[in-house]
Amino acid sequence: MLSRIIPVFTLSFFLFFAAANTAYAMHITEGILPFRWVITWFAVSVPFVGIGVYHVKRKKKKMPSYLPLVGMLGAAVFVFSCFPIPVIALNGMATSHPCGTGMSAVLLGPFVSVLVATIALLIQALFLAHGGLTTLGGNIFSMGILGSFSGYFAFKIAQRCKLPLFWCGFLAGMISDVFTYLGTSIELGLLVINTGGSFFKAAAEIFGVFMMTSQGILCIVEGVVVGFVLVFIYKRRPGILFHLGVVKDDTKPMQT
Amino acid sequence: MVILQIRNVQYQYYDGTHALRDVSLDIRRGEFLAILGPNGSGKTTLLKHFNGLLKPMKGEILLEQKSFKQYSSREIFQKVGIVFQDPNDQLFAPSVWEDVAFGPLNLGLSKDEIAYRVDDALSLVDMNLCANKTVDALSFGQKKRICIAGVLAMKPEILVLDEPTCGLDPAGVTSLMTLLKELNGKHGITIIMATNTVDLVPLYMNRLAIMYHGSILKAGTPEQVFSNIEEIRHACLELPQIAQLMQILRDEDHLPMDRLPLTVGEARKFLISRQHDNHSWPAIGLKYSC
Amino acid sequence: MVILQIRNVQYQYYDGTHALRDVSLDIRRGEFLAILGPNGSGKTTLLKHFNGLLKPMKGEILLEQKSFKQYSSREIFQKVGIVFQDPNDQLFAPSVWEDVAFGPLNLGLSKDEIAYRVDDALSLVDMNLCANKTVDALSFGQKKRICIAGVLAMKPEILVLDEPTCGLDPAGVTSLMTLLKELNGKHGITIIMATNTVDLVPLYMNRLAIMYHGSILKAGTPEQVFSNIEEIRHACLELPQIAQLMQILRDEDHLPMDRLPLTVGEARKFLISRQHDNHSWPAIGLKYSC
Amino acid sequence: MDFFHHTFSDVYARKNNWLTRIDVRVKLFYVISLLAINLWAKNIFIPLLFLSISFIVLFSIRTPLFAILRSMLIPISFAILILIVKGLHEGEKEWLSLSIVGYKMTFREEGLRSGLHTCSKVLGGISLVITFSFTTTISRLCAGLKWFYVPNTMIELLAFMYRYIFLLFDEVSTMWTAQKSRLGHASWGKMIKSSGVLCGLLIMRAFDRAERTYEAMYVRGYDGGSILTVNLSPWRKEDYASFIGMVFVAPMLVYTGNIYVW
Ligand SMILES: Nc1ncnc2c1ncn2[C@@H]1O[C@H](COP(=O)(O)OP(=O)(O)OP(=O)(O)O)[C@@H](O)[C@H]1O
Ligand SMILES: Nc1ncnc2c1ncn2[C@@H]1O[C@H](COP(=O)(O)OP(=O)(O)OP(=O)(O)O)[C@@H](O)[C@H]1O
Ligand SMILES: [Mg+2]
Ligand SMILES: [Mg+2]
């Protein structure tokens, strides 16, 4: 049974992904999650978003320039997430779109990044019908929370290990992507529970399919781009990274 | 009467650039002052001092004879409104109305007062009809007007503009400058404007200051300042086109003039009046090489 | 000889804006063409067609008598170099040298050839000494020059510039325009430049086209185009200052002129020559003994 | 590249028609409760009813069909995917079997039914969301969200981000074309590298712009307070009427949705 299902499953996924643009599959569409999961995911996500709001609110009282900074960088990350990135995948050359959460987590910190991702998801849900309003909670969980925290911690750990900046960024970008897809797979996998299917099998299948089609390559490409971006900014305008607290200013130049 | 007095102001950016070396300037109530200067001479830096956005490292700034330090920053914002170069940086609210209301809102005014001021400001810049538009749907010149409205809604006594005409087409420049002239003349708002377009100055401003390398090279009426051509050239500037023509006629072709005509109108008057006093045409002034 | 031919090009943006309605224009090899027009008239949109960044919805563009479709985009980019308005949009690399080398590198040239081209391009724009500076340390005008060098390093035959003088001080404008004039004259590069500054046109360009509302209103030499004042005003433009003065003298004060002087030099010549033919002075004849 | 402006701009919502005139609070209330009913519905009629009503409503304000379809393309393809997957996996009763390149694919009836059910929910939900977003400008939305006690900071960020994505996007497209015209996208590797450079420039731009915008806000008295002047119009009679209308409609929908068809 299983041996027959997997290839068929994969093939159908594959056919679909070859036809439609894969990247969009990373958000769960409106109407797919049943009621209880909608509520569960909202319940999981709201505290994180709340903490993000609290962070921004507290910080902007102390430093009024923080709100425009978060808004502008959020907009930049949003625009970045709309870049068509060419990906060589099983189905040939395809363009895909990065998530951008890894980048925003590195630049803004995990909680604020969740907030920014929430807003981005809301905008996408409303204007692109990409994701949805009832599935917002689930999408915040996978892209916002898992993406931000995994990216952030990957970056911090890599930094602690004294990896070069490029690799820190690479890991942040790649791991946050992987976790985002993992989150989506888990959420979709959980759906089979009440129909009696095996959650782990389903989630693993979906995740496998994600990675086998262009998304696997996309994770790596996004990692490369994030790493590259950090190095680029560090070379040209290190002040920005110091200001955002991404890297420690251990040289202290030009203090006049 | 002097409304804003800049006294030996110096300013240095964090990276060590001496943006202002030693600037002293008096701005009189109700005047329309142009600040000219080459790129990087410190115009923007100076303008940012006028409302306390930057604090001078040395020297001080007096508003109505009182030092800036004696005012709260809110009082200064209310008295001095500043419009930066790029309108896109200044229009952040989703709709025009909300953007203009931003200033009055921060002043803590009542709702009615805010609505009144916004409508007033929008009608001053002739943009009432756009009140509900989103900011993205406006043209560059319209955005510029909304920026000015946003500042006017705070009822400033002094309006500071940084290169407001850059990027506008000639008709847009004329309409913006006419608006400023009207605000200056009818509503008595003191206007200070940094610009690179020398040709505008004799037409609209009654005083100008030339900045060079972080200090004021010269200040005075357009006639006074443009009379010294070497200095102008030295500051990487040019005379206005008309003045260039008249200056060549005066210096190369020896046409006597008591003062250099700077605008089309003045030049015309001069050239026509020349016809009447034929005796003063110099006979030798005919050798020219173009 | 016509190098670039635009035939009935139409272009519409996604939101339905008819940015180009019906544009036909011939650009001759070696000419210096100015494209004037009010904000939003479609200048930038047209320029982006010149190197295939935008594809016309109707009509076609011929480069050296062959349709754009027959070229690969690489060939077009090599023949037509484009410089956008904001230099910050175009300087990607950390240092000047690397930035200028970006184009040649992508052409797959050898190392020596790249180095040679970069040095050549930098010396053309007179920026050799800045080769090792970081881009951020440059002034606005210098950045502009580096942008041009970056394009020149690809050895284009046609150079397209979008409002290159906007935001520069008068000395910067003069030096940039002199540079362009030199590239045009000495090196035979065809230059097309969109601008809002009418005063520059008679001084540097030998042909201009006026755009209005998505189509070419008029094209020709400055004398031809500026002779019809109504049309110019209609297109939200102004005559150059000098031309304004002379036009008033002609129309209001009835000074007879066969053609309107547009530059300082021409106006001077005319005004001086007026002294000779006293008989044609309308008011009073001037007595002269020459 | 036009795609971006096209999809994210609220051009349709800026028009003046009976739907855009409805108070945003009423619309939000409707959308949320209808979405809930849509999710809960046990048959495909309710979602399809929502779908058709949305289309009729959108056509009544002359929304071009292609704009609707463009927005629905992704969800539709997602829905079809679910239909296929469920059809292949769930249930026993064979409905259709075909073989493609050696794989025997068997569609089963139960799976197709439940797939169709989910499919209809996707379409119904999406059409509701689209109807909402095609008739509500972002500033109205912000005002409405505020009334629903969404934190102020979040609304501010939403408005701010929405305002500046277009601007940054335009800057990026200019840089993109500048790169392209110097052959920065000649090969795949170069394209990746160029994307990195572009994104780095984008972040730098955003940072500088944030600073300048803050200065502009500061000189107009901003000190960390609110940046939005939310001006919701007061409740009108029609708004109350539509609110109460929902109270009558909802039970009917719930009743219909409860009919178990298969
Ligand atoms: N944020 C900054 N940090 C460091 N140096 C700066 C900064 N802003 C300006 N400068 C430097 O200070 C000097 C004065 O700059 P300013 O912007 O005041 O010139 P400006 O007269 O406004 O020029 P422009 O005509 O180009 O607008 C310049 O040399 C500039 O490089
Ligand atoms: N990306 C775009 N999407 C939609 N409309 C656009 C876009 N770019 C320009 N337009 C519109 O197309 C028209 C022509 O614009 P264009 O930028 O070519 O004008 P321009 O002559 O360069 O103006 P300016 O002097 O302000 O630079 C304008 O009405 C403008 O609003
Ligand atoms: Mg400046
Ligand atoms: Mg333009």
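Since the structure is predicted, the reported quantities are computational estimates derived from the model, not experimental observations.

(A) Quick look at the confidence of the model for chain B. Residue and element names in this part refer to chain B. In this model, chain B carries a mean pLDDT of 86, and residues with pLDDT of at least 70 account for 94%. Note that pLDDT drops below 50 for residues 279–290; the model gives that stretch 26 contacts with residues more than four away or on any other chain. For this predicted complex, the interface confidence comes out at an ipTM of 0.86, alongside a pTM of 0.87.

(B) View of the site of ligand 2. Residue and element names in this part refer to chain C. Around ligand 2 sit 15 residues in total, of which G40, G42, K43, T44 and T45 are the nearest. Within the side chain of T45, one N or O atom sits 2.5 Å away from an oxygen atom of ligand 2. When ligand 2 sits alone it has 630 Å² of accessible area, and the protein chains cover 71% of it. Residue contributions to the shell around ligand 2 peak at 3 residues, all from helix α1 (residues 43–50). Tallied by class, residues from the shell around ligand 2 come to 4 nonpolar, 8 polar and 3 charged.

(C) Examining the interface of chain D and chain C more closely. Tallying the contact residues gives 20 residues for chain D and 24 residues for chain C. Along the contact surface separating chain D from chain C lie 3 salt bridges. In this structure, R182 of chain D engages D99 of chain C in a salt bridge whose closest nitrogen and oxygen atoms are separated by 3.2 Å. Here chain D and chain C share 5 residue pairs in polar contact (both at pLDDT 80 or more) between them. When residues of the side of chain D that touches chain C are traced back to their parent elements, those giving at least two are α1 (2–8), α8 (152–180) and α9 (188–218) of chain D. When residues in the side of chain D that touches chain C are grouped by element, the largest group, 7 residues, is from α8 of chain D. In terms of residue class, the side of chain D that touches chain C is made up of 6 nonpolar, 8 polar and 6 charged.

(D) Quick look at a nonpolar patch on the surface. A contiguous nonpolar patch, built from Y240, I244, F248 and V249 of chain D and spanning about 420 Å² of accessible area, is present on the exposed surface. Looking at where I244 of chain D falls in the secondary structure, it is placed in helix α10 (residues 237–258).

(E) Representation of the site of ligand 1 within the structure. All names here are of chain B. Taken together, 15 residues sit near ligand 1, with N39, G40, K43, T44 and T45 positioned nearest. Within the contact set of ligand 1, an oxygen atom lies 2.5 Å away from a side-chain nitrogen or oxygen of T45. Against a free-state accessible area of 630 Å², the protein chains account for coverage of 67% of ligand 1. For the shell around ligand 1, the element with the highest residue contribution is helix α1 (residues 43–49), accounting for 3 residues. Broken down by class, the residue content of the shell around ligand 1 amounts to 4 nonpolar, 8 polar and 3 charged.

(F) Geometry of the pairing of strand β6 (residues 80–83) of chain C. Residue and element names in this part refer to chain C. Side chains V80 and I82 of β6 all project onto a buried face; the interleaved residues G81 and V83 project onto the opposite face, where all are buried too. In terms of strand pairing, β6 meets strand β7 (residues 158–162) through 4 bridges, oriented parallel. When the bridges of β7 are listed, V80 appears paired with I158.

(G) Main features of the pairing of β7 of chain C. All names here are of chain C. Burial analysis of β7 places 5 of its 5 residues in the buried class, the great majority of the element. Here β7 shows two buried faces, one formed by I158, V160 and D162 and the other by L159 and L161. Of the strand pairs in this sheet, β7 and strand β8 (residues 190–195) are connected by 5 bridges, and their pairing is parallel. Bridging across to β8, V160 finds its partner in I192.

(H) View of the packing of helix α4 (residues 101–108) of chain A against helix α6 (residues 136–160) of chain A. Residue and element names in this part refer to chain A. Contact geometry of α4 with α6 gives a least axis separation of 8 Å together with a crossing angle of 60°. Taken together, the axis directions place α4 and α6 in an arrangement best described as oblique. Handedness of the crossing formed by α4 with α6: right-handed. For the pair α4 and α6, the contacting residues are T101, A105 and V106 in the first and M143, G144, G147, S148, Y152 and F155 in the second.

(I) Expanded view of the packing of helix α5 (residues 110–128) of chain A against α8 of chain D. Two elements in contact, α5 of chain A and α8 of chain D, have axes separated by 10 Å at closest approach and are oriented at 60°. Viewed along their axes, α5 of chain A and α8 of chain D adopt a mutual orientation that is oblique. α8 of chain D is crossed by α5 of chain A, and the crossing has right-handed handedness. Together, L115, V116, T118, I119, A120, L122, I123 and F127 of chain A of α5 of chain A and M154, L157, L158, M161 and Y162 of chain D of α8 of chain D make up the contact between the two elements.

(J) Representation of the interface of chain D and chain A within the structure. Taken together, the contacts link 79 residues of chain D with 79 residues of chain A. Taken together, both faces of the contact between chain D and chain A bury some 7300 Å²; the carbon and sulfur share is 84%. Contact with chain A buries area across many residues of chain D, yet L39, M161 and F207 of chain D alone supply 10% of it, more than any other trio. In this structure, E156 of chain D engages K60 of chain A in a salt bridge whose closest nitrogen and oxygen atoms are separated by 2.9 Å. Between chain D and chain A we count 3 residue pairs in polar contact (both at pLDDT 80 or more) in total. Secondary structure elements with two or more residues in the side of chain D that touches chain A: α1, α3 (24–40), α5 (65–89), β2 (103–108), α6 (109–133), α7 (138–147), α8 and α9 of chain D.

(K) Focus on the pattern of salt bridges. One pass over the full model with this rule turns up 46 salt bridges over all chains. Where E60 of chain B meets R7 of chain B, a salt bridge forms, and the shortest distance between an N and an O atom there is 3.5 Å. One end of the pair, E60 of chain B, is in strand β4 (residues 58–63); the other, R7 of chain B, is in strand β1 (residues 2–12), with 53 residues separating them in the sequence. Each of the salt bridges in this network shares a partner with another, and the network as a whole consists of D86 and D89 of chain B, D86 and D89 of chain C together with E171, R205, R209 and R212 of chain D.

(L) Inspection of helix α5 (residues 111–124) of chain B at higher detail. All names here are of chain B. Over its 14 residues, α5 extends 20 Å from the first C-alpha to the last, a length consistent with the 20 Å expected when each residue adds 1.5 Å. All of the buried residues in α5 are I114, R117, V118, A121 and L122. Around the axis of α5, the buried residues are gathered within 130° of arc, so they sit on the same side. Exposed residues lying more than 90 degrees from the buried face of α5 are D112 and Y116. D126 sits one or two positions beyond α5 and adopts a positive phi of about 65°.

(M) Expanded view of the domain arrangement of chain B. All names here are of chain B. Segmenting chain B into domains produces domain 1 (2–238) and domain 2 (243–278). For domain 1 and domain 2, the distance between their C-alpha centres works out to 33 Å. Facing the 8 residues of domain 1 at the interface are 9 residues of domain 2. With both sides pooled, the region where domain 1 packs onto domain 2 buries about 630 Å², and carbon together with sulfur makes up 65% of that total. The largest per-residue losses of area from domain 1 upon contact with domain 2 belong to P202, E223 and I229, which jointly make up 57% of the total buried on that side. Put simply, domain 1 and domain 2 have 1 salt bridge between them. Where domain 1 packs against domain 2, one counts 2 residue pairs in polar contact (both at pLDDT 80 or more).

(N) Structural detail: the environment of S95 of chain B. Residues and elements named next belong to chain B. Note on placement: S95 falls in the loop between α3 (87–90) and α4 (96–106). Sequence separation between S95 and D26 is 69 residues, and the spatial gap between their C-alpha atoms is 38 Å. Apart from the residues within four sequence positions on either side, S95 is in contact with A131, N132, K133, T134 and V135.

Rules behind the numbers
Residues numbered from 1 in each chain as written. Chains lettered and ligands numbered in written order. Predicted model: local features only at pLDDT ≥ 70, side-chain atom pairs only at ≥ 80, totals over all residues. Heavy atoms only, no water. pLDDT = per-residue confidence, 0-100. Contact = heavy atoms within 4.5 Å. Near = heavy atom within 4 Å. Polar contact = N/O pair within 3.5 Å; in protein donor to acceptor, adjacent residues only side chain to side chain. Areas by Shrake-Rupley, 256 points an atom, 1.4 Å probe, with all protein chains shown as cover. Helix = DSSP H or I, 4+ residues; strand = E, 2+ residues; numbered from the N terminus. Nonpolar A, V, L, I, M, F, W, Y, C, P; charged D, E, K, R; others polar. Salt bridge = Lys/Arg side-chain N within 4 Å of Asp/Glu carboxyl O. Patch = residues over 30% accessible without salt bridge, like charges linked within 9 Å, V, L, I, M, F, W, Y side chains within 5 Å. Buried < 20%, exposed > 50% of the residue type's maximum accessible area, 1.4 Å probe, protein only. Pairing = 2+ DSSP bridges. Axes fitted to C-alpha atoms, helices over the stretch in contact; angles between N-to-C directions. Parallel < 35°, antiparallel > 145°, perpendicular 65-115°, else oblique. Left-handed = near helix turned anticlockwise from the far one by under 90°. Buried area = accessible area lost by both parts, 1.4 Å probe. Expected span 1.5 Å × (residues − 1). Arc of directions from axis to C-beta. Domains from an automatic or database assignment.

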